[in-house]
Amino acid sequence: MPGTITTMTGPAAVWLAAFAEQLGIDAPSEAEVDAILALAGTAAHASERTAAPVAGWLAARAGITPIEARELALGVTVPEPNAN
């Protein structure tokens, strides 16, 4: 069924489907959920957990797919702080 989240079950899937409906859009596909979670994991592991949702917001704001965003995120390098 289009617009159905199949990789997630339970309350998260139900809430996300309801939120998508409120936004007037389809819920993400299984592939989209996988890509979104991969982007979130990349951001969280490269920085800290709070980077995950903000990375998703940045990707959406930039108008790129989660797959494109993750490819870019994998290339992000952050300079080490100066140890004085």
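Along every chain, residues carry numbers that run from 1 in the direction the sequence is written. Confidence filtering applies because this is a predicted model: local features only for residues at pLDDT of at least 70, side-chain atom pairs given and counted only at 80 or more, and all residues used for totals across whole chains, interfaces and linings. Each side-chain value is worked out from all heavy atoms of the structure, with water and hydrogens disregarded.

(A) Spatial organisation of the overall build of the protein chain. Along its length, the protein chain carries 4 helices and 0 strands. Helices and strands appear in the protein chain in the N-to-C order α-α-α-α. Using a 1.4 Å probe on the protein chains alone, a residue whose accessible area is under 20% of its type maximum counts as buried, one over 50% counts as exposed, and one in between counts as partly exposed. Relative to its full complement of 84 residues, the protein chain shows a buried share of 15%. Whether two residues are in contact is decided by their heavy atoms: any pair within 4.5 Å suffices. Put simply, 48% of the contacts in the protein chain that link residues at least 6 apart link residues at least 24 apart. Each helix is a run of H or I in the DSSP string that is no shorter than four residues. Each strand is a run of E no shorter than two, and both are numbered from the N terminus.

(B) Main features of the nonpolar core. Only buried residues count toward a nonpolar core. Its members are Ala, Val, Leu, Ile, Met, Phe, Trp, Tyr and Cys residues joined through side-chain atoms within 4.5 Å. Core analysis: the biggest nonpolar cluster contains 5 residues, these being Leu39, Ala43, Ala55, Ala59 and Ala69. For this core, the elements supplying multiple residues, two or more each, are helix 2 (30-46) and helix 3 (51-62). Once you skip the residues sitting within four places of it in the chain, Ala55 turns out to touch Leu39 and Ala43.

(C) Main features of a nonpolar patch on the surface. Together, Trp15, Leu16, Phe19, Leu23 and Ile25 give the surface a local cluster of nonpolar side chains, amounting to about 500 Å² of exposed area. For Leu16, the location among the structural elements is in helix 1 (residues 11-23). Each patch groups residues whose relative accessible area exceeds 30% and which form no salt bridge, using 9 Å between like charges and 5 Å between nonpolar side chains of Val, Leu, Ile, Met, Phe, Trp and Tyr. All accessible-area figures derive from a Shrake-Rupley calculation using a 1.4 Å probe, and residue coverage is judged against the displayed protein chains alone. A side-chain nitrogen of Lys or Arg and a carboxyl oxygen of Asp or Glu constitute a salt bridge if their distance falls within 4 Å.

(D) Local environment of the packing of aromatic side chains. Any two of the Phe, Tyr and Trp rings considered here, Trp counted by its six-membered ring, make a pair once their centres fall within 6.5 Å; the pair's planes then place it as stacked at under 30 degrees, edge-to-face at over 60, or tilted in between. Across all of its chains, the model carries 1 aromatic pair by this definition. Ring geometry for Trp15 versus Phe19: centroids 4.9 Å apart, planes at 20°, classification stacked. With Trp15 and Phe19 both in helix 1 and 4 residues apart, this pair spans about one turn of that helix.

(E) Up close: helix 3. Given a helix with a known number of residues, its expected span is that number minus one, times 1.5 Å. With 12 residues, helix 3 ought to run about 16 Å at 1.5 Å a step, and its terminal C-alpha atoms sit 16 Å apart, in line with that. Of the surrounding secondary structure, the elements contacted by the buried residues of helix 3 are helix 2 and helix 4 (66-74). At the C-terminal side of helix 3, Gly63 shows a positive phi close to 75°.

(F) Fine view of the packing of helix 2 against helix 4. Helix 4 packs onto helix 2 with a crossing angle of 20° between their chain directions and a minimal axis gap of 8 Å. On the basis of the axis angle, helix 2 is roughly parallel to helix 4. The handedness of the crossing between helix 2 and helix 4 comes out as left-handed. Where helix 2 approaches helix 4, its residues Ala35, Ile36, Ala38, Leu39 and Thr42 are matched on the opposing element by Pro66, Ile67, Ala69, Arg70, Ala73 and Leu74. Residue polarity is assigned by list, with Asp, Glu, Lys and Arg as charged and Ala, Val, Leu, Ile, Met, Phe, Trp, Tyr, Cys and Pro as nonpolar; anything else, Gly included, falls into the polar class. Among the residues forming the contact of helix 2 with helix 4, the class breakdown is 9 nonpolar, 1 polar and 1 charged. A fitted line through C-alpha atoms serves as each axis, taken over the contacting stretch for helices, and the angle formed by two N-to-C directions is quoted from 0 to 180°. Working rule for angles: under 35 degrees goes down as roughly parallel, over 145 as roughly antiparallel, 65 to 115 as roughly perpendicular, anything else as oblique. Throughout, a crossing is termed right-handed when the near helix is turned clockwise from the far one, and left-handed when it is turned anticlockwise from it by less than a right angle.

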